[in-house]
Amino acid sequence: MKLYSRFYLVVALILLTSCQSLKSSPQSQNNNKQEILSPKTVTLDKNFKIVRGQTIYVPVYSEINHHNRQEVFYLAATLSIRNTDLNNSIIITSVRYYDSNGKLIKHYLNNPIQLDALASTDFFITRDDTSGGLGANFIVEWVAATEISEPIVEAVMIGTDFQQGISFISPGRVIKNQNNSNLKSSS
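Keep in mind it's a predicted model, so treat the numbers as computed, not measured.

Novice: What is the right way to read the overall build of the protein from this model?
Specialist: Helix and strand content of the protein: 2 helices and 13 strands. A total of about 12700 Å² of accessible surface is found on the protein, and carbon and sulfur atoms cover 53% of it.

Written out as structure tokens, the structure reads:
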């Protein structure tokens with residue numbers, strides 16, 4: 001009986017020691033990760049000169065039909081906005097989410113946000129948020145004070161049920177450009 005007690009004691013010590021090393025491992029990994037900062041809120045005053053800007057339409061599929069349209073597959077969606085410029089920031093002035101009927105569901109920004117060079121931000125719609133329907137979309141508006149490269153704006157949809165999964169992207173499309181020549185002609 002003493003042999004079994006010692007055996008169980010050794011096994012318990014091994015498990016406790018291995019749990020301690022696993023527990024401390026993620027902490028050391030987290031110390032090596034860089035802190036991800038949220039985009040900073042900015043105020044656009046009357047002196048801000050817009051050199052370039054766009055309005056971008058991004059289709060979002062919060063659900064899709066399958067099995068001869070008899071079943072609905074619900075999807076989570078992430079809107080990703082990426083500043084591709086190597087040196088300059090952009091200002092995101094508006095992010096709005098609309099349903100299939102064109103009705104505004106949510107306005108995501110109370111104030112404009114600045115995306116520094118090569119920075120990105122995202123906006124998430126949970127899988128159980130079915131308010132957008134099959135034809136949901138985002139309208140994203142951005143401006144810049146200098147001539148810059150266009151940002152990449154796209155939606156990533158993903159869903160899983162049982163052993164089935166689906167994921168795909170939906171690129172944004174520019175529906176309006178704003179630049180120096182547009183501003184001069186309108187003043």
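Still more ground to cover, so stick around.
Novice: Explanation requested: the side chain of Glu-63 in the structure shown.
Specialist: In this fold, Glu-63 is placed in strand β3 (residues 63–66). Apart from the residues within four sequence positions on either side, Glu-63 is in contact with Val-72, Phe-73, Tyr-74, Leu-75, Thr-130, Gly-133 and Leu-134.

Novice: When you look at the pairing of strand β2 (residues 52–59) in this model, what are you seeing that I'm missing?
Specialist: Every regular strand shows the same layout, with side chains that alternate between the two sheet faces. Of all the 8 residues making up β2, 7 are buried; the element is thus mostly covered by neighbouring parts of the structure. For β2 and strand β10 (residues 137–144), the ladder comprises 8 bridges, and the chain directions are antiparallel. Counted as the bridge partner of Pro-59 is Asn-137 from β10. Pairing of β2 with strand β13 (residues 173–179) involves 6 bridges; the strand directions are antiparallel. Bridge pairing links Thr-55 to Lys-176 in β13.

Novice: Quick question: what am I supposed to make of the sheet that holds strand β12 (residues 164–171) here?
Specialist: Adjacent strands of a sheet form backbone hydrogen bonds with each other and so pair up, either parallel or antiparallel. One open sheet accounts for 4 strands, arranged β9-β5-β11-β12; its pairing is antiparallel. The strands lining the two open edges of the sheet, one partner per strand, are β9 (120–125) and β12. On average, adjacent strands in this sheet sit at an angle of 15° to one another, irrespective of strand direction. Pairing of strand β11 (residues 152–161) with β12, which is carried by 8 bridges, proceeds in the antiparallel orientation. If you follow Gly-159 over to β12, its bridge partner there is Ile-166.

The rules behind each value
- Residues numbered from 1 in each chain as written.
- Predicted model: local features only at pLDDT ≥ 70, side-chain atom pairs only at ≥ 80, totals over all residues.
- Heavy atoms only, no water.
- Helix = DSSP H or I, 4+ residues; strand = E, 2+ residues; numbered from the N terminus.
- Areas by Shrake-Rupley, 256 points an atom, 1.4 Å probe, with all protein chains shown as cover.
- Contact = heavy atoms within 4.5 Å.
- Buried < 20%, exposed > 50% of the residue type's maximum accessible area, 1.4 Å probe, protein only.
- Pairing = 2+ DSSP bridges.
- Axes fitted to C-alpha atoms, helices over the stretch in contact; angles between N-to-C directions.

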